[in-house]
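# Chains, contacts and geometry: an overview
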Amino acid sequence: MSEKLLTDTQKNVIETFDKISAAANEAKRDPSEIRLMAVTKTVAPEKVNEAIKAGCDLLGENKVQELLEKYESYDKSAEIHFIGSLQTNKVKYIVNKVTMIESVDSIKLAEEIEKRCAKIGKTMDILLEVNIANEESKGGFSPEEVVEASVKISEFPHLRLRGLMTIGRFGAEIEETRQYFAKMRALLVDIKSKNIDNIYINILSMGMSGDFELAVSEGANIVRVGRGLFGERNYNKV
Ligand SMILES: *Cc1c(COP(=O)(O)O)cnc(C)c1O
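Read on for an overview of the structure. Each chain has its residues counted from 1, following the order in which its sequence is written. Restriction of local features to residues with pLDDT of at least 70 applies here, the model being predicted, together with a cutoff of 80 or more for giving and counting side-chain atom pairs; totals for whole chains, interfaces and linings are based on all residues. Only heavy atoms go into the side-chain values, all of them from the structure, while hydrogens and water stay out.

Secondary structure follows DSSP: runs of H or I at least 4 residues long count as helices, runs of E at least 2 residues long count as strands, and numbering of each begins at the N terminus. Expected span of a helix, by definition, is 1.5 Å for each gap between consecutive residues, and there is one gap fewer than residues. Taking 1.5 Å of rise per residue, 20 residues should cover 28 Å, and helix H7 (residues 174–193) covers 29 Å from first to last C-alpha, within 8% of that figure. Each residue is placed in one exposure class: buried if its accessible area under a 1.4 Å probe, protein chains only, is under 20% of its type's maximum, exposed if it is over 50%, and partly exposed if it falls in between. Turning to H7, its buried residues are Thr177, Tyr180, Phe181, Met184, Leu187, Leu188 and Ile191. Seen end-on, H7 carries its buried residues on one side only, within an arc spanning 115 degrees. Facing away from the buried side of H7 by more than 90 degrees, the exposed set consists of Gln179, Val189 and Ser193. We call two residues in contact when some of their heavy atoms are within 4.5 Å. Tucked inside the fold, the buried residues of H7 contact strand S5 (124–130), helix H6 (146–153), strand S6 (159–166), strand S7 (203–205) and helix H8 (212–217). This arc is built from the directions going out from the helix axis to the C-beta atoms.

What follows is the structure in structure tokens.
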């Protein structure tokens, strides 16, 4: 692509891939192990498609309604992961549209995904969302309960547990955030050490616009970037 013809979004995607590669190299990791997710909330589908054209092959959706409204307009070459809080009564609308649900935050939600996927004969990749800072305002499994939950959920025939996701604590200092990311990695190791069929458990989804390089250095293999690709969000537009 000629530099001049690139949109701002495309330049941001290329720049972000470069930063991921640099952070990976610095951490002696293979950059190809890390996927860049474009977080699309409030962003028009045309702009999302620009990111896909620039090489981003993974979208993150955090609202069911918004996903349903925009789904048909998305370039189908990208995969979609669901990353937002998901009510059980809405699971049925998205199971045939996403390849992973990263925000499984309760056994009850896992049971509903199991039920809906059994109906359509699909096995869904999932991550368990961890409330890593034990914040009262936030959903997700606490670090203390996530290992036990993973053992239980790994028995569901239509779910394939792939790893863990976290949002971190908004406003945390770098050093605090680094500790959360490191704790996430330790939890993943704990889960893998349990006597469950764990060959697929290798994903850590963590790091956003402000801290994805730090997340890469602490072992992330999905980083979820919104504003860093599309600019500041305008919630009034959607
Ligand atoms: C919005 C959002 C992001 C991206 O946040 P930015 O600060 O825009 O990069 C990542 N993960 C989740 C779950 C989100 O809702």
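Now, onward.
Turning our eyes to something else, we now look at the site of the ligand. Taken together, Val39, Lys41, Asn62, Ile83, Ile167, Met208, Ser209, Arg224, Val225, Gly226, Arg227 and Arg233 form the complete shell of residues around the ligand. Polar contact criterion, stated in full: a pair of N or O atoms within 3.5 Å, where within protein one must be able to donate a hydrogen and the other to accept it, and residues adjacent in sequence count only if both atoms are side-chain atoms. Interatomic distance of 2.9 Å between a side-chain N/O atom of Arg224 and a nitrogen atom of the ligand. Contact distances for the ligand include 2.7 Å between an oxygen atom and a side-chain N or O atom of Arg233. Starting from 390 Å² of accessible surface for the ligand in isolation, the protein chains cover 92%. In the shell around the ligand, the residues fall into 5 nonpolar, 3 polar and 4 charged. Note on terminology: near, applied to a residue and a molecule or strand, indicates that one of the residue's heavy atoms is within 4 Å of it. Note that accessible areas follow from Shrake-Rupley with a 1.4 Å probe, and for residues the cover is restricted to the protein chains shown. Residues are grouped as follows: nonpolar covers Ala, Val, Leu, Ile, Met, Phe, Trp, Tyr, Cys and Pro; charged covers Asp, Glu, Lys and Arg; every other residue, Gly included, is treated as polar.

Mapped onto the secondary structure, Ile34 falls in the loop between helix H1 (8–26) and strand S1 (35–39). Ile34 sits 174 residues away from Met208 along the chain, and the two C-alpha atoms are 13 Å apart.

Another point: the pattern of salt bridges. Any Lys or Arg side-chain nitrogen found within 4 Å of a carboxyl oxygen on Asp or Glu counts as a salt bridge. One pass over the full model with this rule turns up 14 salt bridges. The salt bridge involving Lys115 is made with Glu112; its shortest N-O contact spans 3.7 Å. Pair noted here: Lys115 and Glu112 are both in helix H5 (residues 107–120), with a separation of 3 residues, about one helical turn. Relative accessible area serves as the criterion here: at 45%, Lys115 is assigned to the partly exposed category.

Turning to the nonpolar core, a few remarks are in order. Ile101, Ile113, Met124, Ile126, Leu128, Leu164 and Val223 are the most contacted members of the largest nonpolar core, which totals 66 residues. The greatest single-element share of this core, amounting to 6 residues, is contributed by H7. Every residue in contact with Ile101, bar those within four places of it in the chain, is listed here: Phe82, Leu86, Ile94, Ile113, Met124, Asp125, Ile126 and Leu127. The nonpolar core is taken to be a set of buried Ala, Val, Leu, Ile, Met, Phe, Trp, Tyr and Cys residues, with the residues joined through side-chain atoms within 4.5 Å. Within the second largest apolar cluster, 9 residues are counted, among which are Met37, Val39, Leu58 and Ile203.

Moving on, we come to the pairing of strand S3 (residues 79–82). DSSP-based pairing: two strands are paired if at least 2 bridges between them are found. Two strands pair when backbone bridges link them, and strand S2 (residues 58–61) and S3 are joined in this way by 4 bridges, in the parallel orientation. Following the sheet pairing, Leu59 is matched in S3 by Ile80. Crossovers are described as right-handed under a simple rule: with the strands pointing away from the observer, the path leading from the first strand over the helix to the second runs clockwise. Chirality of the crossover, the property in question, places the unit of S2, helix H3 (residues 64–70) and S3 among those that are right-handed. Examined bridge by bridge, S3 and strand S4 (residues 100–104) share 2 bridges and lie parallel to one another. Paired with His81 across the bridge in S4 is Met100.

This brings us to the packing of H6 against H7. Interaxial distance between H6 and H7 falls to 10 Å at its minimum, and their mutual angle equals 40 degrees. Taken as axis vectors, H6 and H7 run oblique relative to one another. Handedness of the crossing formed by H6 with H7: right-handed. Across the interface between the two elements, Val146, Val147 and Ser150 of H6 pack against Leu187, Asp190 and Ile191 of H7. Residue classes in the contact of H6 with H7 are distributed as 4 nonpolar, 1 polar and 1 charged. Lines fitted to C-alpha atoms define the axes, with helix axes restricted to the stretch in contact, and inter-axis angles between N-to-C directions lie between 0 and 180 degrees. By the definition adopted for this analysis, an angle is roughly parallel if under 35 degrees, roughly antiparallel if over 145, roughly perpendicular if from 65 to 115, and oblique otherwise. Crossing handedness is defined as follows: a turn of the near helix away from the far one that is anticlockwise and smaller than a right angle gives a left-handed crossing, while the clockwise case is right-handed.

Here we take up the side chain of Lys41. Here Lys41 lies in the loop between S1 and helix H2 (45–53). At 8.5 Å, Glu66 is the nearest oppositely charged side chain to Lys41, a buried residue that forms no salt bridge. With sequence-adjacent residues up to four places away left out, Lys41 is seen in contact with Asn62, Glu66, Arg233 and Tyr235. Asp and Glu are treated as the negative residues and Lys and Arg as the positive ones, with His and the ends of the chain left uncounted.

Right, let's get into the packing of aromatic side chains. Only centres within 6.5 Å qualify two rings of Phe, Tyr or Trp (six-membered ring in Trp) as a pair; their planes then separate them into stacked at under 30 degrees, edge-to-face at over 60, and tilted for everything else. Across all of its chains, the model carries 0 aromatic pairs by this definition. Look at NZ for Lys and CZ for Arg. If either is within 6 Å of the ring centre and within 35 degrees of the ring normal, a charge sits over the ring. A cation over an aromatic ring shows up here: Lys97 above the ring of Tyr71, its NZ or CZ 5.4 Å from the ring centre.

The next subject is the packing of H1 against H2. Between H1 and H2, the shortest axis-to-axis distance is 8 Å and the interhelical angle comes to 40 degrees. As judged from the angle between their axes, H1 and H2 are oblique. Where H1 crosses over H2, the two elements pack in a sense that is right-handed. Touching Thr9, Gln10 and Val13 of H1 are Lys47, Glu50, Ala51 and Lys53, all from H2. Split by residue class, the contact of H1 with H2 holds 2 nonpolar, 2 polar and 3 charged.

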